[in-house]
Amino acid sequence: MTDAINNTSKADYRIGIDIGSTTVKVIILDEKGEILFRSYERHFSKVREKTAEVLERAKPILAGKTIVLLITGSAGLGVSKSADIPFIQEVFATAKAVETYIPETDSVIELGGEDAKIIFFNGSLEERMNGSCAGGTGAFIDQMATLLNVSVQELDRMSADFEKIYPIASRCGVFAKTDIQPILNQGGRKEDIAASIYQAVVDQTIAGLTQGRALGKTIVFLGGPLYYYKGLRARFKETLNLDDDHAIFPENGDCFAALGAALSTNGFEPQKYEDICARIKESVSDAVITNTMPPLFESEAEYAEFLSRHNKNAPPKTDISKYAGDAYLGIDAGSTTTKLVVIDKDGGILYTYYGSNRGNPVQIVFEELKKIYAAAEDRIKIRGAAVTGYGEELIKNAFNLDAGLVETVAHFRAARHFNPDVDFIIDIGGQDMKCFKIRNGAVDSIFLNEACSSGCGSFIETFARALGYEIEEFSKLGLFVKHPVNLGSRCTVFMNSSVKQAQRDGASVADISAGLSISIVKNAVYKVIRAGSADDLGQNIVVQGGTFKNDAVLRAFEQELKRNVTRPTIAGISGAYGAALHAKDLQLAESSILTEAQLADFIHKAKPITCKLCTNHCSLTVNTFDNGRRFVSGNRCSRPLGKEKSALPNLARYKYDKLLSYHGVEGAPRGKIGLPFGLNTYENLPFWHTFFTRLGFEVVLSPESSRAIYRLGQHTIPSDTVCYPAKLMHGHVLELMNAGVDTIFYPCMPYNFDEGLGDNNFNCPVVAYYPELLAANVKELKKVRYLYPYFGLHRKDDFIKRAAKYFKDEFGIPKRETKKAAEAAYAEYEAYKDEIRKKGAEYINYARENGKKILVMAGRPYHIDPEIGHGIDELAVSYGFVLITEDAVSYLMDKEPRKVLNQWTYHSRLYAAARYVTTQADMQLMQLVSFGCGTDAVTTDEVREILEAGDKIYTQIKIDEISNLGAITIRIRSLMAAVEARERGGF
Amino acid sequence: MAELVYDETGRLLFTEEMAKEYTLVVPQMLPVTFRMLVKLLELERGYHIEVLETNTQKVVETGLKYVHNDMCYPAILSIGQLIEAAESGRYDTHKLALMITQTGGGCRASNYIHLLRKALKKAGLEYIPVISINLSGMEKNPGFKLSLKLGVRCVFAMMYGDLLVHIGNQCRPYEVEKGATDALIESWTDKLVDLFTENKGLGFGAMRRYMREIVADFAKIERTNEKKPRVGIVGEIYVKYAPLGNNNLEEFLLKEGAEPVVPGVTDFIIFKVNNRYVDVGLYGGSIFKKIGMWIFQNFVIKCQNIMIEVIEEEGTFRPMSHFSELQELVKGYLGYGNKMGEGWLLTAEMLELIHSGTNNIVCTQPFGCLPNHVAGKGMMRKLKDDYPDSNIVAVDYDPGATKINQENRIKLMLANASRNERK
């Protein structure tokens with residue numbers, strides 16, 4: 001391959017330019033193929049300008065010469081087209097360079113700003129790129145560094161001193177943030193988080209891109225992040241078990257695609273350097289963006305009117321240096337920022353603080369409290385202190401505050417203060433979006449952003465920084481642009497690629513700024529709230545949260561809704577303001593908050609541990625304070641606190657334990673048969689267990705789901721957007737083989753039982769056909785007898801006939817035996833269902849006798865798997881609900897026509913359960929939805945409609961491999977608070 | 001204004017009165033075939049039908065506004081297109097009906113019609129009737145009846161559509177005179193529509209005759225001898241065919257110097273009929289249903305056989321494969337019970353392409369498409385193992401996915417294709 005080094009192009013010099021999502025890389029090769037010039041620079045979205053600038057800089061070398069030039073890279077296509085310069089796909093460029101310089105390579109792992117690629121060289125050449133769902137890698141690290149408030153270099157240095165690795169999702173920045181934020185808020189060490197971030201990138205790359213193909217012995221690592229971050233290299237080497245000879249980090253590894261492009265120029269037509277420069281420069285003004293929107297403001301005057309309208313909504317200010325009397329403290333320990341407000345007895349503001357929590361909210365509150373005490377002197381007495389937000393528990397414990405309250409309630413309290421008629425509140429913070437309707441003076445329906453679109457506010461900030469701006473400056477840029485670029489309304493991850501496309505089309509930073517503000521609003525209105533029109537929200541809309549301090553976002557919101565809304569001047573601190581009002585409402589004689597003297601001795605230490613008390617393996621943080629105060633965070637249940645589990649009945653747990661009790665009889669005559677414990681097995685285990693036990697098999701159930709099981713099978717998952725319950729199946733079948741089972745039974749079942757509640761009785765396509773996917777992707781299954789026939793249990797007589805034949809052919813079992821076993825299996829399934837229903841009725845009675853509220857956890861049967869449900873059931877029970885599952889009430893209803901096609905058995909249960917709940921005053925329903933579940937796009941809206949028509953509150957929780965306990969807690973507590981408020985007849 | 005009549009479940013019916021005065025609109029998917037189908041429907045009852053060609057950003061935005069954003073892209077697009085039309089002012093909404101297909105399987109796509117009604121309600125247009133087009137006898141309307149006779153005529157029209165598209169695709173990349181292929185498709189579509197009006201061309205013998213003429217005409221298009229990589233397009237039916245759904249994928253491939261190969265809709269029809277037949281075998285059911293389906297399946301297969309024979313006879317073009325060959329190829333990959341969405345047919349089409357020398361394949365699907373987790377992406381590992389030279393790229397389509405990412409992935413596949421070519 002050395003012939004590529006030689007210049008056979010008839011040009012003086014050969015040049016490769018790689019224009020990626022964040023950087024421009026240029027390589028110039030001399031006559032002998034030596035590198036004469038190299039450059040690696042961020043382009044801050046000014047793709048064409050930067051390219052022209054770098055080429056201009058090479059003028060001393062290139063003036064008057066002939067050159068051949070190839071452009072490569074994801075953002076390079078546009079430049080290539082408009083400047084009429086040939087293009088080479090970047091994976092091919094990279095492969096060229098690798099084959100030329102490091103021919104022994106088995107595979108290449110390349111991480112770029114937003115792309116991750118693996119190229120396999122051993123055997124047939126094969127490339128894998130991250131799918132449209134996978135967020136960036138370099139950009140991901142940038143985002144995380146911003147979140148930790150460190151530079152990327154510091155992040156790298158910190159990672160060297162790690163003690164513990166936390167599980168962090170790297171599928172996209174948004175997910176990772178929801179993982180990291182609680183760790184930060186709970187006082188986890190930044191060094192550990194830094195290394196965990198790198199590990200997440202490694203896991204994502206290997207699991208997401210190899211998909212079962214071996215990487216081989218010698219691996220070359222390329223791209224900026226792997227070139228610059230030592231810590232990331234270390235994580236890769238350790239994870240892949242590579243020594244220095246087999247983990248190759250080549251010189252110019254950050255510019256390999258550009259190098260490969262230069263090497264690929266042989267055979268292309270030489271051109272004059274000056275001509276090419278001129279063409280690229282001309283193309284700078286050649287930008288055509290077709291997909292644009294109307295401007296935010298037409299004129300300065302319009303903007304001035306807008307500002308004066310909003311600035312009217314201000315609480316009075318009281319001078320802290322003169323005031324004497326009672327005061328109340330409110331703290332909003334948000335996910336990325338900490339807010340403090342001190343108010344006087346009339347709600348006037350004495351003191352405010354708003355700032356990034358810099359990864360340690362305790363320290364911020366500590367410093368601010370000292371300042372407040374200093375300013376208060378002896379004149380002002382704090383009579384009450386309350387905290388809300390992600391860090392509520394931590395801050396409350398750290399400083400002995402009087403009360404904690406859930407964010408939704410805090411925001412309502414504040415909004416009511418400014419607009420007593422408020423009927424809709426929307427709060428967009430750094431990380432969460434909370435919207436709720438107010439009806440009859442109480443919180444009515446709550447919309448929180450799902451795992452996939454959270455981080456809306458901080459996304460703009462991260463983007464601003466990536467483009468080299470501070471957030472204030474960045475958002476102002478967009479106010480008056482004529483043509484904001486349309487970036488779509490999908491989750492923020494997709495915006496990355498939309499922005500990339502806009503860059504390619506030549507959009508300016510200002511166009512992008514305005515576009516991002518509009519996107520956030522569209523995301524809120526259409527994706528989170530799912531509104532059809534402004535009237536769906538309300539007449540009196542109050543906006544709050546830090547993101548609405550941004551005038552561009554606020555303006556876009558008003559434009560989208562076509563009506564004016566109220567933004568109190570304290571929009572950014574309204575959670576804290578509401579908490580302060582709440583503290584005042586408590587009317588305490590004395591606040592328990594640490595005094596100025598106690599504060600002087602304040603000490604805080606945080607230590608991460610992993611709880612081993614159940615399969616959830618929560619990452620706990622043990623916070624210890626002076627005076628022996630101690631606070632454990634990150635837990636789902638009360639066990640790690642040394643307390644017993646909540647004693648309230650939990651039918652999900654009961655069902656789960658019941659299923660675990662179905663184990664096989666050792667030494668059965670026909671040997672072992674393995675059943676993977678996931679998806680439909682949660683419904684049909686009583687059936688198949690009885691069936692096979694009767695046939696003389698020892699039924700072996702795969703172990704309880706866990707993160708480890710997921711990892712075990714992760715490399716064989718072909719579609720990264722499938723739901724987590726399906727992804728777990730890969731590990732389950734592998735575990736069965738590890739347990740020495742050589743026959744695995746996992747039937748394809750497009751049809752489920754017909755419970756008479758719907759128009760048909762389907763399973764979803766994933767549940768129905770996943771056995772076939774496993775057969776094609778889990779190679780180990782070829783070594784065992786993997787049986788995945790099509791069966792339908794819904795037609796009993798037909799099933800028995802077909803099963804009799806199947807097991808006769810497969811095992812030589814006499815048909816008579818199979819028939820008997822099937823009869824027994826049907827009977828057992830009925831008995832099991834009956835037992836669950838009876839138990840449900842018993843729990844409902846218990847709740848009624850003891851004055852407890854009943855929560856119906858409605859989802860799929862497999863959502864009771866603690867690894868899938870993340871212990872949400874336990875959490876709900878710990879907040880005082882008696883929990884039952886949807887199948888314990890769905891059978892109580894008859895079929896009723898629905899507005900959607902009601903043809904999936906599990907969906908029919910959801911609708912029936914929701915309808916039943918509307919008939920019961922003391923019942924609430926919480927719907928669990930797997931992230932990526934396509935059919936639930938239909939069910940969620942329908943269940944919401946059923947509940948709202950019945951005057952119930954709809955609560956939905958989206959679950960994934962990553963648990964966002966913070967968001968879940970908000971929902972459960974908001975639900976409880978709303979129900980209680982309704983009982984009291986309003987706040 | 002026609003009286004609004006509801007059935008016992010509260011569904012607004014499309015009445016006979018409406019049939020006379022309403023305009024029926026339907027989202028575009030298969031331009032050539034739809035034109036002929038529309039003609040047949042119009043001849044049947046004198047409807048006035050329009051196929052929506054709108055492809056503005058407004059369509060996507062309307063869809064996102066009225067359909068759950070996690071719903072699949074085809075739902076967002078086709079519902080967006082229909083509601084956009086209703087809200088556009090181009091039609092009298094009190095004389096407008098919307099048509100949408102309803103598959104009725106276990107895929108969430110069978111919910112489109114219900115989501116469309118929800119969207120109409122949200123938009124305050126619930127007085128607009130929605131007509132379901134399906135093969136299962138769901139949602140009957142007094143003003144819109146699909147008779148067996150009409151069904152048979154539609155099958156013939158679909159055959160012509162598939163033939164024109166299939167051989168057209170083999171001419172277009174090589175035509176010497178730009179636009180010659182499309183002009184010929186246009187003129188043949190005109191001619192066929194006229195023939196249908198005269199009740200001609202809709203029988204086995206007639207179809208064979210006209211198909212011979214068609215193939216002979218296309219063979220006369222002057223073509224270069226260039227060698228271009230062939231690229232197959234498979235996937236979820238809407239994004240596979242509809243240019244609005246796949247960002248003009250065929251056009252992009254043509255510009256990139258490839259020859260697109262798009263398996264026709266005939267196999268999909270046979271597949272859907274075959275599913276019902278297979279179901280009875282797998283789970284039990286009416287023997288009459290089984291026989292009925294067998295007869296219908298054989299009818300379509302006979303049509304397909306004629307089409308293939310005609311192409312083979314003439315000898316210029318590659319024929320499509322027989323349905324039975326697809327069934328044979330997919331053995332060891334998926335069972336015939338895998339029927340939701342495109343089911344086993346999707347994998348079979350990839351196999352068919354590979355076996356007929358088209359190793360390069362774009363597998364299109366809406367983002368998060370449930371059946372394609374299994375039949376599309378789920379089978380690629382095995383295909384790559386079994387056919388190391390196969391070169392398949394999976395491309396997801398949704399309102400947020402950008403063209404740049406899609407094109408970059410397709411370009412990688414194309415670069416691979418030309419590399420393999422050189423080998």
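Nothing here was measured: the structure is a model prediction, and the numbers come from that model.

Here is what the cut-offs are and how they apply
- Residues numbered from 1 in each chain as written.
- Chains lettered and ligands numbered in written order.
- Predicted model: local features only at pLDDT ≥ 70, side-chain atom pairs only at ≥ 80, totals over all residues.
- Helix = DSSP H or I, 4+ residues; strand = E, 2+ residues; numbered from the N terminus.
- Rg over C-alpha atoms; globule rule 2.2 N^0.38 Å.
- Buried ≥ 20, exposed ≤ 12 C-beta atoms within 10 Å, placed from the backbone.
- Contact = placed C-beta atoms within 7 Å.
- Axes fitted to C-alpha atoms, helices over the stretch in contact; angles between N-to-C directions.
- Parallel < 35°, antiparallel > 145°, perpendicular 65-115°, else oblique.
- Left-handed = near helix turned anticlockwise from the far one by under 90°.
- Nonpolar A, V, L, I, M, F, W, Y, C, P; charged D, E, K, R; others polar.
- Pairing = 2+ DSSP bridges.
- pLDDT = per-residue confidence, 0-100.
- Domains from an automatic or database assignment.
- Expected span 1.5 Å × (residues − 1).
- Core = buried A, V, L, I, M, F, W, Y, C linked by C-beta atoms within 7 Å.

Enquirer: Help me out: how do you make sense of the overall build of chain B in this one?
Expert: For chain B, the helix and strand inventory stands at 17 helices and 8 strands. Relative to the compact-globule value of 22 Å for 423 residues, chain B shows a C-alpha radius of gyration of 21 Å, a close match. Oriented by its inertia axes, the alpha-carbon framework of chain B measures out at about 70 × 50 × 45 Å. Burial status across chain B gives 55% buried among its 423 residues. Within chain B, contacts between residues at least 6 apart in sequence are counted, and of these 73% link residues at least 24 apart.

Enquirer: Sorry, what's going on with the overall build of chain A here?
Expert: Counting secondary structure elements, chain A contains 35 helices and 30 strands. Relative to the 2.2 N^0.38 estimate, which gives 30 Å for 987 residues, the radius of gyration of chain A is 31 Å and therefore close to what a compact globule would have. Across its three principal directions, the C-alpha atoms of chain A cover 90 × 90 × 55 Å. Taking the intrachain contacts of chain A between residues at least 6 apart in sequence as the baseline, contacts between residues at least 24 apart amount to 75%.

Enquirer: Even after reading the chapter, I still don't get the packing of helix α5 (residues 138-148) of chain A against helix α8 (residues 190-210) of chain A, so can you show me in this structure?
Expert: A pair of packed helices is characterised by two quantities: the angle between their axes and the separation of those axes. All names here are of chain A. Viewed as axis vectors pointing N to C, α5 and α8 meet at an angle of 165°, and their least axial separation amounts to 11 Å. Comparing their axes, α8 and α5 come out roughly antiparallel. For the element pair α5 and α8, the recorded crossing hand is right-handed. Note on element contacts: α8 touches α5 through Lys190, Ile193, Ile197 and Val201, opposite Phe140, Ile141, Met144 and Leu148. A breakdown of the residues in the contact of α5 with α8 according to their chemical character gives 7 nonpolar, no polar and 1 charged.

Enquirer: Where do I start with the sheet that holds strand β8 (residues 391-397) of chain B in this structure?
Expert: Across a sheet, paired strands are connected by hydrogen bonds in the backbone, their directions being either parallel or antiparallel. Residues and elements named next belong to chain B. Taken in spatial order, the 4 strands of this open sheet run β6-β5-β7-β8, and their pairing is parallel. The open sheet has two edge strands, β6 (259-261) and β8, and neither has a second partner. Between one strand and the next, the sheet's axes are offset by a mean angle of 25°, whatever the strand orientation. Where strand β5 (residues 230-235) lies against strand β7 (residues 360-366), 5 bridges are found, and the strand directions are parallel. Each bridged residue has a counterpart across the sheet, and for Gly235 the counterpart in β7 is Thr364.

Enquirer: Would you explain the pairing of β8 of chain B in this entry?
Expert: Two faces make up the sheet, and in a regular strand the side chains alternate between them. All names here are of chain B. Extensive coverage of β8 is indicated by the burial of 7 of its 7 residues. Where burial is concerned, the two faces of β8 agree: the one with Asn391, Val393, Val395 and Tyr397 and the one with Ile392, Ala394 and Asp396 are both buried. As paired elements, β7 and β8 share 7 bridges and run parallel to each other. Bridge pairing in β8 links Gln365 to Asp396.

Enquirer: Explain the confidence of the model for chain B to me, please; I cannot follow it from the model alone.
Expert: Segments scoring low in pLDDT should not have their predicted coordinates read at a detailed level. Residue and element names in this part refer to chain B. The predicted model of chain B averages 91 in pLDDT, with 99% of residues at 70 or higher. Taken element by element, the predicted model of chain B shows its lowest mean pLDDT in helix α17 (residues 403-422) (81) and its highest in β6 (97). For this predicted complex, the interface score ipTM comes out at 0.93, alongside a pTM of 0.85.

Enquirer: What's the story with the domain arrangement of chain B in this structure? I'm lost.
Expert: Residues and elements named next belong to chain B. In terms of domain boundaries, chain B breaks down into domain 1 (16-146) and domain 2 (229-264 + 320-422). One C-alpha centre belongs to domain 1, the other to domain 2; they are set 27 Å apart. Tallying the contact residues gives 16 residues for domain 1 and 19 residues for domain 2. Residue assignment for the side of domain 1 that touches domain 2 shows that the elements contributing at least two residues are α3 (57-66) and α4 (73-87). Ranked by the residues each element gives to the side of domain 1 that touches domain 2, the list is headed by α4, at 4 residues. Classifying every residue of the side of domain 1 that touches domain 2 gives 11 nonpolar, 4 polar and 1 charged.

Enquirer: Just checking my understanding: could you explain the sheet that holds strand β3 (residues 96-101) of chain B for this structure?
Expert: All names here are of chain B. Spatially, the 4 strands line up as an open sheet ordered β2-β1-β3-β4, and their pairing is parallel. Each edge of the open sheet carries a strand with a single partner, namely β2 (48-52) and β4 (130-133). Each strand of the sheet is rotated relative to its neighbour by a mean of 30°, with strand direction disregarded. Bridge analysis of β3 against β4 gives 4 bridges, and the strand direction is parallel. Bridging from a neighbouring strand, Leu98 pairs with Val130 of β4.

Enquirer: What is the right way to look at the environment of Asn372 of chain B in this model?
Expert: Residues and elements named next belong to chain B. Here Asn372 is to be found in helix α15 (residues 370-375). Taking the C-beta count within 10 Å as the criterion, Asn372 has 30 such neighbours and is therefore assigned buried. Placed 28 residues apart in sequence, Asn372 and Trp344 show a C-alpha to C-alpha distance of 9.8 Å.

Enquirer: Before we go on, may I ask you to explain helix α22 (residues 574-585) of chain A in this structure?
Expert: Helical geometry note: an α-helix holds 3.6 residues per turn, so side chains three or four residues apart project in the same direction. All names here are of chain A. The end-to-end C-alpha distance of α22, which contains 12 residues, comes to 16 Å, matching closely the 16 Å that a straight helix rising 1.5 Å per residue would cover. When you tally the buried positions in α22, you get 11 out of 12 residues, the bulk of the element. Along its buried surface, α22 packs onto β11 (325-333), β12 (337-344), β14 (380-388), β15 (403-405), α16 (407-418) and β19 (541-544). Looking one or two residues beyond α22, the residue adopting positive phi is Gln587, at roughly 50°.

Enquirer: Can you walk me through the packing of helix α6 (residues 148-171) of chain B against helix α8 (residues 204-219) of chain B in this structure?
Expert: Residue and element names in this part refer to chain B. In the contact formed by α6 and α8, the axes pass within 10 Å of each other and the chain directions differ by 15°. As summarised for this structure, α6 and α8 are arranged roughly parallel, according to the angle between their axes. In this structure, α6 meets α8 at a crossing whose hand is right-handed. Between α6 and α8, the contacting residues are Phe156, Met159, Leu163, Leu164, Ile167 and Cys171 on the first element and Met207, Met211, Ile214, Val215 and Phe218 on the second.

Enquirer: When you look at the nonpolar core in this model, what are you seeing that I'm missing?
Expert: Within soluble globular proteins, side chains that are nonpolar generally end up buried alongside one another. In this structure, Ala580 and Val856 of chain A together with Ile79 and Leu116 of chain B are the most contacted members of the largest nonpolar core, which totals 441 residues. Looking at which domains feed residues into this core, each of domain 1 (16-146) and domain 2 (229-264 + 320-422) of chain B supplies at least three. Setting aside residues no more than four positions away along its own chain, Ile79 of chain B makes contact with Gly63, Tyr66, Val67, Tyr112, Leu115, Leu116 and Ala119 of chain B.

Enquirer: Looking at this structure, how should I read unusual backbone geometry?
Expert: Keep in mind that most residues, glycine aside, have a negative phi and that most peptide bonds are trans. Residues and elements named next belong to chain A. Backbone geometry places Asn400, a non-glycine residue, at a positive phi of 55°. As for its position among the elements, Asn400 is in the loop between α15 (392-399) and β15. Asn400 gets classed as partly exposed once you count the C-beta atoms within 10 Å, which come to 16.

Enquirer: So what exactly am I meant to see when it comes to the environment of Gly112 of chain A here?
Expert: Within the element layout of this structure, Gly112 of chain A appears in the loop between β5 (107-111) and β6 (116-120). Not counting residues within four places of it along the chain, the set of residues in contact with Gly112 of chain A comprises Gly20, Ser21, Gly138, Gly223 and Gly224 of chain A.

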